Amino acid sequence: MAKTVYFFGSGKADGNASMKELLGGKGAGLAEMTNAGLPVPPGFTIATSACRQFFANRGKLPAEVETEISEALQRLEQETGQEFSHPRNPLLVSVRSGAKFSMPGMMDTILNLGLNDRTVAALADRAGPRFAADCYRRLIQMFGNVVLGIAKDKFEAALEAIKKSRKAHLDTDLDADALNEVVDRYKTIVSRSTGKAFPQDPYEQLRMARDAVFNSWYNPRARTYRQMYKIPEDLGTAVNVQAMVFGNRGERSGTGVGFTRNPATGTKEFFGEFLMNAQGEDVVAGIRTPIPIAELRNIMPEVYDQLRLISERLERHYRDMQDFEFTIQDGKLYMLQTRNAKRTGLAALRIAVDMVDEGLITQEEALLRVEPEQLDQLLHPVFEPKARGKVRAEARGLGAGPGAASGSIVLTPEDAVAQARRGKAVILVRPETSPEDVAGMAAARGILTATGGMTSHAAVVSRGMGKPCVVGCKELAIDLKAGTVSVNGRRYRVGQPVSIDGTTGEVMFASLPTVESELIRVAEGKLRPEKSALYAYFKRFMSWADAKRRLGIRANADLPADARLARGLGAQGIGLCRTEHMFFAKDRLPHMQKMIVADSELNRRRALEKLLPMQRSDFKGILEAMAGYPVTIRLLDPPLHEFLPKEEELREELRVDKQKKKKNLQKIRRAQKMLERVEQLKELNPMLGQRGCRLGITYPEVSEMQARAIFEAACDVAGRGIEVFPEVMIPLVGHTREFELQREIIDRVAQEVFRRRGRRIPYLVGTMIELPRAALTADEIAQGAEFFSFGTNDLTQTTYGLSRDDTAALIQRYVELGILKSDPFEVLDRRGVGELIQLGTERGRRSRPKLKVGICGEHGGEPSSVEFCHAVGLDYVSCSPFRVPVARLAAAQAAVKEELGEPETAHVTA
Ligand code: PEP
Ligand code: MG
């Protein structure tokens, strides 16, 4: 039987930092700190493997694990010289969860476990009756809520009632007597709610608390968090049982959290907050606004110096920014946790680059320190400076999650979700947030809280989500019942506008326009690169990424402006230009419609003649913007009826026209003809109908016009001395003959144009692979195709037989049921669609060893899918311009991980 319980104490631990999988992040950190000789209260970690056994065994631990736990408990008793349930010298412990990936606020903690009616007296002897009663009431409250599932409000209401009757403002105003009354009330709440008395046996308390921690792995908040961050469901959590130290034992005690650098900006500064005479949860819960850590220097200089030294040691030891928790009991410092700190994208980038400069990490390590998604945060908007200049900040809190956000005030997470569903931009304003608010926070544009510090729940979760967030805005008075927010005597209602600046902490009660980020402005040429410090960091970091990656990065762009932005963000070409978007423009649609309803080839060609110059100028713009880089232009894809007016609208128009006294017969005839055509073209399954190359096969003149526009544009641009590399791509090919027929047209037109213009342009003709049949017959198709681009949107749709347009709710349900690990339209399904990609690439290259292969579905900008593309040897990925930095980094990480022999990420769909 494998070991499941790991002890730590007396400078030696059974585990270490490398055992996160088994001990969870917290357990591994405690073991490592113990081994390093730091002051850590002793304890033990029940491994994640026990949690998995617990669930496999329907909520029971095997007897061997129970024995191991008892032995560890005995060892802890020896180590501390205390005993569970001892009437004079009782052992008290904390019970905390700790999974491999830290999930702040998601799992539950119980402190002061081991207290009962007997041991509380011993604690009173040791540390005073008020303190003992306070600890006991906290235990019953936490245990009652977390283990027994009793609503927090019940306890809070009882506490408030006693505070009122004793005319006390704060909890701290209550004396021992009052707190004993609270304990009695709490016990009554427990027995009334559960039908059983609060358990007096510490062993039973521990068993129940441990099982509650295990069970909390599957609570809805934890599931939501895992889904959001794509953390696998089956990892389980460890349980840490640790001897209590008390931060609430008087004025020489306290508790706090710290960071070795600033987690919002990345600046190298000792950063953190603490509260004197408080217990752990008080800081994180955001109920009291904590004091900046620098002030600890005045209160307890030795402790401050020791903490600073330890924090520096921790950072050097882990070679990464640490986020640590500490408690001071009667002037003695204890470390309760250390972990690699969560940070904003801005901080991640800056710290990675700074640490390379400080000689702490290598460039490769730096590349692995920034989550690709975090780069996306740097592309978020800020307030438009002029508009911002006209509005005064009415309140100021702490800027906890950078970026600007503007929206209507909502006060509840439910309202945030409902309004966001209706497409409204909202800011969630709360006294403080708790895990129940996570869905509302995800739906809101930004989060604003009245209390809490930089490490409160709101701050930590928003940073993780990359949302602008302001916390601890003390001027706010929120009245949930009245639906109002008051600030310095002014009152605002739900629905009124509010804007927050998560970088400066400013709050404006006005709707403010936002502008692109500095990086975007540099990329678009609106800001000189040397004017942006952020860009300097970004440029250096991305140059390391580019040097490492093997995959090329291209962009999906249909407009010259998008192409320019993509170039500015580092794209090395266009991987997909969807030409259908160009036909929807107001000035083009009538010609397109004429082409579609034309009753002869001649009339069709006439309409196409009108479209030709417009297409040519589109292509010129894109080829110019991508000077020197390849541009893949895809021939028209969607079903023709999408370009025609809606059937109902036409019928209504006809009805009205026919009712008119003076009838315009010509107009009626035209509308009738249009209606007939709409009816003819209507399809029950348009996604599987007359689309893609099937259009070009039935209307060859459309492909002909597009090819002509492409080659004429290429000749024009090349004529101006600009290098062009057009690549013509044929969509939705399922049969090699389809490809061949389209290629014949393209080659014929190319030769004609070159002959007429007296210029030859190098070009390629290739195809999308977006149908399973195309992947399976890739060897045949590659005989004529010079490149493949996997259209994984359609390939996922057709492989799964799941509509890409209307199965979001179904997929969500499948994820909840555990059938899918994530949405396959978001994260590439490696097992199914991935296999087709691999097979298609192999078969294609069998016929044409130098076949260029890429991907241009949405997955091209999703990190784990990019990693897969690297692993199966594609040449490039193509994604939307904004995702280009993400893809560049994901591609570099894939290469670095391969070099290091690290396993691929576990974030796969199936
Ligand atoms: C695809 O199917 O993946 C693709 C890129 O084409 P579209 O999304 O235009 O169908
Ligand atoms: Mg497609």
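Residues numbered from 1 in each chain as written. Chains lettered and ligands numbered in written order. Predicted model: local features only at pLDDT ≥ 70, side-chain atom pairs only at ≥ 80, totals over all residues. Heavy atoms only, no water.

**Focus on the overall build of the protein**
Working step 1: Counting secondary structure elements, the protein contains 37 helices and 32 strands.
Working step 2: Since a compact globule built from 910 residues should have a radius of gyration of about 29 Å, the 32 Å found for the protein is in line with a globular shape.
Working step 3: The principal-axis extent of the C-alpha atoms belonging to the protein is close to 100 × 70 × 55 Å.
Working step 4: For the protein, buried positions account for 57% of its 910 residues.
Working step 5: Accessible surface computed for the protein: about 37900 Å², of which carbon and sulfur atoms make up 50%.
Working step 6: For the protein, the separation between the mean place of its 129 positive charges and that of its 118 negative charges on side chains is 5 Å. (Helix = DSSP H or I, 4+ residues; strand = E, 2+ residues; numbered from the N terminus. Rg over C-alpha atoms; globule rule 2.2 N^0.38 Å. Buried < 20%, exposed > 50% of the residue type's maximum accessible area, 1.4 Å probe, protein only. Areas by Shrake-Rupley, 256 points an atom, 1.4 Å probe, with all protein chains shown as cover. Lys, Arg positive; Asp, Glu negative; His and termini not counted. Charge placed at Lys NZ, Arg CZ, Asp CG, Glu CD.)

**Some words on the site of ligand 1**
Working step 1: Lining the immediate environment of ligand 1, one finds 14 residues, of which Arg578, Arg634, Gly791, Asn793 and Arg804 sit closest.
Working step 2: A distance of 3.3 Å is found between an oxygen atom of ligand 1 and a backbone nitrogen or oxygen belonging to Gly791.
Working step 3: A distance of 3.0 Å separates an oxygen atom of ligand 1 from a polar atom in the backbone of Thr792.
Working step 4: Burial of ligand 1 by the protein amounts to 96% of the accessible area it has alone, namely 290 Å².
Working step 5: Counting only elements with at least two residues in the shell around ligand 1, the list comes to β26 (574-578) and α33 (792-800).
Working step 6: In terms of residues, the shell around ligand 1 owes the most to one element, α33, which gives three residues. (Near = heavy atom within 4 Å. Polar contact = N/O pair within 3.5 Å; in protein donor to acceptor, adjacent residues only side chain to side chain.)

**Quick word on the pairing of strand β1 (residues 5-9)**
Working step 1: β1 sits mainly inside the fold: five of its five residues count as buried.
Working step 2: Burial of the side chains of β1 extends over both faces: Val5, Phe7 and Gly9 are buried on one face and Tyr6 and Phe8 on the other.
Working step 3: Taken together, the four bridges between β1 and strand β3 (residues 43-46) define a ladder with antiparallel strand orientation. Paired with Val5 across the two strands is Ile46, which belongs to β3.
Working step 4: As judged from the two bridges shared by β1 and strand β2 (residues 12-13), these two strands associate in the antiparallel manner. Looking across to β2, one finds that Gly9 is bridged to Lys12.
Working step 5: Connecting the antiparallel pair β1 and β2 is a turn made up of two residues, with Ser10 showing a positive phi of about 50°. (Pairing = 2+ DSSP bridges.)

**A short note on the packing of aromatic side chains**
Working step 1: This model, assessed by the stated rule, comprises 20 aromatic pairs.
Working step 2: Ring geometry for Tyr136 and Phe198: centres 6.2 Å apart, planes at 70°, overall edge-to-face. Placement of the pair is Tyr136 in helix α5 (residues 129-147) and Phe198 in the loop between α7 (176-194) and α8 (202-216), with a sequence separation of 62 residues.
Working step 3: Through a chain of ring-to-ring contacts, the aromatic side chains of Phe54, Phe55, Phe214 and Tyr218 assemble into a single cluster. (Phe/Tyr/Trp six-rings, centres within 6.5 Å; stacked < 30°, edge-to-face > 60°.)

**Considering the nonpolar core**
Working step 1: Of all hydrophobic cores here, the largest spans 134 residues; its most connected members are Phe541, Met592, Phe711, Ile746, Phe788 and Ile837.
Working step 2: The biggest single contributor to this core is helix α29 (residues 700-719), with eleven residues.
Working step 3: Counting 61 residues, the second-largest nonpolar core is a separate cluster that includes Phe54, Leu76, Ala209 and Phe214. (Core = buried A, V, L, I, M, F, W, Y, C linked by side-chain atoms within 4.5 Å.)

**Things to note about the coordination of the magnesium ion (ligand 2)**
Working step 1: Taken together, the protein donors to the magnesium ion (ligand 2) comprise Glu770 (OE) and Asp794 (OD), at separations of 2.0 to 2.1 Å. Residue Glu770 is found in the loop between β29 (764-769) and α31 (772-776), and its partner Asp794 is found in helix α33; the two are separated by 24 residues along the sequence. No difference in accessibility class separates Glu770 from Asp794, as the two residues are buried. (Donors = N, O, S within 2.8 Å, 3.2 Å for Na, K, Ca; no water.)

**Quick notes on a positive patch on the surface**
Working step 1: On the surface, Lys594, Arg606, Lys610 and Arg670 cluster together to form a positively charged patch.
Working step 2: Note that Lys594 resides in helix α24 (residues 589-597). (Patch = residues over 30% accessible without salt bridge, like charges linked within 9 Å, V, L, I, M, F, W, Y side chains within 5 Å. Salt bridge = Lys/Arg side-chain N within 4 Å of Asp/Glu carboxyl O.)

**Observations regarding the pattern of salt bridges**
Working step 1: What the rule picks out here adds up to 69 salt bridges.
Working step 2: Note that Asp330 and Arg249 form a salt bridge whose closest N and O atoms lie 3.5 Å from each other. Pair noted here: Asp330 is in the loop between β10 (322-329) and β11 (332-340) and Arg249 is in the loop between β6 (237-243) and β7 (254-259), with a separation of 81 residues, a long-range link.
Working step 3: For the salt bridge of Asp323 with Arg339, the shortest nitrogen-to-oxygen distance reads 3.1 Å. With a gap of 16 residues between them, Asp323 in strand β10 and Arg339 in strand β11 connect regions that are remote in the sequence.

**Remarks on the sheet that holds β10**
Working step 1: Taken in spatial order, the five strands of this open sheet run β9-β8-β7-β10-β11, and their pairing is antiparallel. Each having just a single partner strand, β9 (291-292) and β11 make up the two edges of the open sheet.
Working step 2: Where helix α12 (residues 301-318) meets the sheet, its contacts fall on β10 and β11, and the angle it forms with β11 comes to roughly 25°. (Contact = heavy atoms within 4.5 Å. Axes fitted to C-alpha atoms, helices over the stretch in contact; angles between N-to-C directions.)

**Here's the deal with the sheet that holds strand β27 (residues 630-634)**
Working step 1: Spatially, the eight strands close up into a barrel ordered β25-β26-β27-β28-β29-β30-β31-β32, and their pairing is parallel. Pairwise comparison of adjacent strand axes, ignoring direction, gives a mean angle of 25° for this sheet.
Working step 2: Inspection of the sheet shows β29 paired to strand β30 (residues 787-790) by three bridges, in the parallel sense. Note that in β30 the partner of Ile769 across the bridge is Phe790.
Working step 3: Strand contacts of helix α35 (residues 830-847): β30 and β31 (852-855), with the helix running at about 175° to β30, the strand carrying the most contacts.

**As for the side chain of Thr4**
Working step 1: Mapped onto the fold, Thr4 is located in the segment before β1.
Working step 2: There is a polar contact of 2.6 Å between the side chain of Thr4 and the side chain of Glu68.
Working step 3: Among all residues touching Thr4, those that are not within four sequence positions of it are Thr45, Ile46, Ala47, Ser49, Ala50, Gln53, Val65 and Glu68.

**Comments concerning the confidence of the model for the protein**
Working step 1: The predicted model of the protein has a mean per-residue pLDDT of 91, with 97% of residues at 70 or higher.
Working step 2: In the model, residues 906-910 has pLDDT below 50 throughout and makes 21 contacts with residues more than four positions away in sequence or in other chains. (pLDDT = per-residue confidence, 0-100.)

**A few points about the environment of Arg166**
Working step 1: Mapped onto the fold, Arg166 is located in the loop between α6 (152-165) and α7.
Working step 2: What makes Arg166 partly exposed here is its relative accessible area of 33%.
Working step 3: Spatially, the C-alpha atoms of Arg166 and Leu235 are 48 Å apart, while their sequence positions differ by 69 residues.
Working step 4: Not counting chain neighbours up to four residues away, the residues in contact with Arg166 comprise Leu174, Asp175, Asp177, Ala178 and Glu181.

**Some points on the packing of helix α36 (residues 863-871) against helix α37 (residues 884-900)**
Working step 1: Put simply, α36 and α37 touch, their axes get as near as 8 Å, and they point 50° apart. By the angle class used here, α36 and α37 are oblique. Classified by chirality, the crossing of α37 by α36 is right-handed. Of the residues in α37, those touching α36 at Pro863, Val866, Glu867 and His870 are Val886, Ala887, Ala890, Ala891, Ala894, Ala895, Lys897 and Glu898. (Parallel < 35°, antiparallel > 145°, perpendicular 65-115°, else oblique. Left-handed = near helix turned anticlockwise from the far one by under 90°.)

**A short note on the environment of Ala243**
Working step 1: Of note, Ala243 is situated in strand β6.
Working step 2: For Ala243, a relative accessible area of 9% gives the class buried.
Working step 3: Spatially, the C-alpha atom of Ala243 lies 9.7 Å from that of Glu79, the residues being 164 residues apart in sequence.
Working step 4: Ignoring any residue separated from it by four or fewer positions in sequence, one finds Ala243 in contact with Pro41, Pro42, Leu76, Thr80, Leu91, Leu92 and Val93.

**Topic: α12**
Working step 1: For α12, with 18 residues, the first-to-last C-alpha span of 26 Å sits near the 26 Å given by 1.5 Å per residue.
Working step 2: Residues of α12 that are buried include every one of Val303, Tyr304, Leu307, Ile310, Ser311, Leu314, Glu315 and Tyr318, and no others. The arc that holds every buried residue of α12, seen down its axis, measures 135°, which confines them to one face. Across from the buried face of α12, at angles greater than 90 degrees, the exposed residues are Glu302, Leu309 and Arg316.
Working step 3: The inward-facing, buried residues of α12 abut α1 (20-35), α11 (296-299), β10, β11, α13 (345-357) and α14 (363-369).
Working step 4: With its phi angle positive at about 50°, Arg319 sits one or two positions after the end of α12. (Expected span 1.5 Å × (residues − 1). Arc of directions from axis to C-beta.)

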